[in-house]
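# Overview (structure and organization)
Residues per chain, in single letters:
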Amino acid sequence: MKVIWDFDNLFAFGERLSEYENFETAVMTATQEIAKALHRSLLTRTPVVTGNLRAGWSKGENLAFRVTKVKRGYVVELSNDVDYANWVNYGHHSYNQYGGPYEVKNRTVKYYQGNSGKTYVYGHFFLEKSILDVEDQVEQIIYKELQKWLEWCVNGK
């Protein structure tokens, strides 16, 4: 009985597996997909009164987001140029001169009036909620991109 072993495909697989640039491309693509998912979630969760705050996510240098490679990974940076974005997200004191509920375009906003008579408008926490939404999707996004990379390593396509 004669057995012939052909290791050419195994060696080719090992060579493709060691091509670090293609792995970096897969990781960068996965990071960009995560950033896109976060951007979509922010657009849907950002409260709209005039539309300026929501439109602020699409302005800036790179329009929606910037992905930067750092020493031990990648950083996703989303920016909003609207001045009052922090106030809407985290809440703020209202300086309503009449001491009544804080109103925006005929809509009453959730508020708290303390002993001092100052009104505090509760935040929407849309940034934190969007991050929690995307955390559920991160594993699936990474799995999909790594699956594509492994298929490329095995098949060479």
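Residues numbered from 1 in each chain as written. Predicted model: local features only at pLDDT ≥ 70, side-chain atom pairs only at ≥ 80, totals over all residues. Heavy atoms only, no water.

The next subject is the pairing of strand E1 (residues 65–70). Pairing between E1 and strand E2 (residues 73–78): six bridges, direction antiparallel. Residue pairing for E2: Thr68 is matched across the bridge by Val75. Where E1 folds back on E2, the antiparallel hairpin that results is connected by two residues. (Pairing = 2+ DSSP bridges. Helix = DSSP H or I, 4+ residues; strand = E, 2+ residues; numbered from the N terminus.)

All right, on to the packing of aromatic side chains then. Going through the model one piece at a time under the given rule, you end up with two aromatic pairs. Arranged with centres 6.4 Å apart and planes meeting at 80°, the rings of Trp57 and Phe126 form a pair that is edge-to-face. Taken together, the positions of Trp57 in the loop between helix H3 (52–55) and E1 and Phe126 in helix H5 (residues 126–155) put the pair 69 residues apart, joining distant regions of the chain. With relative accessibility at 2%, the residue Phe126 sits in the buried group. When the centroid spacing of 6.2 Å and the interplanar angle of 75° are considered together, the rings of Tyr90 and Phe125 count as edge-to-face. With Tyr90 in helix H4 (residues 85–90) and Phe125 in the loop between strand E7 (119–122) and H5, the pair connects residues that are 35 residues apart, well separated along the chain. (Phe/Tyr/Trp six-rings, centres within 6.5 Å; stacked < 30°, edge-to-face > 60°. Buried < 20%, exposed > 50% of the residue type's maximum accessible area, 1.4 Å probe, protein only.)

Our focus in this paragraph is the nonpolar core. Leu42, Leu53, Leu78 and Phe126 are the most contacted members of the largest nonpolar core, which has 17 residues in total. For this core, the elements supplying multiple residues, two or more each, are helix H2 (20–45), E1, H4 and H5. For this core, the element with the highest residue contribution is H2, accounting for six residues. With near-sequence residues (within four places) excluded, Leu53 lies in contact with Thr46, Pro47, Asn80, Val82, Tyr84, Ala85, Val88 and Phe126. (Core = buried A, V, L, I, M, F, W, Y, C linked by side-chain atoms within 4.5 Å. Contact = heavy atoms within 4.5 Å.)

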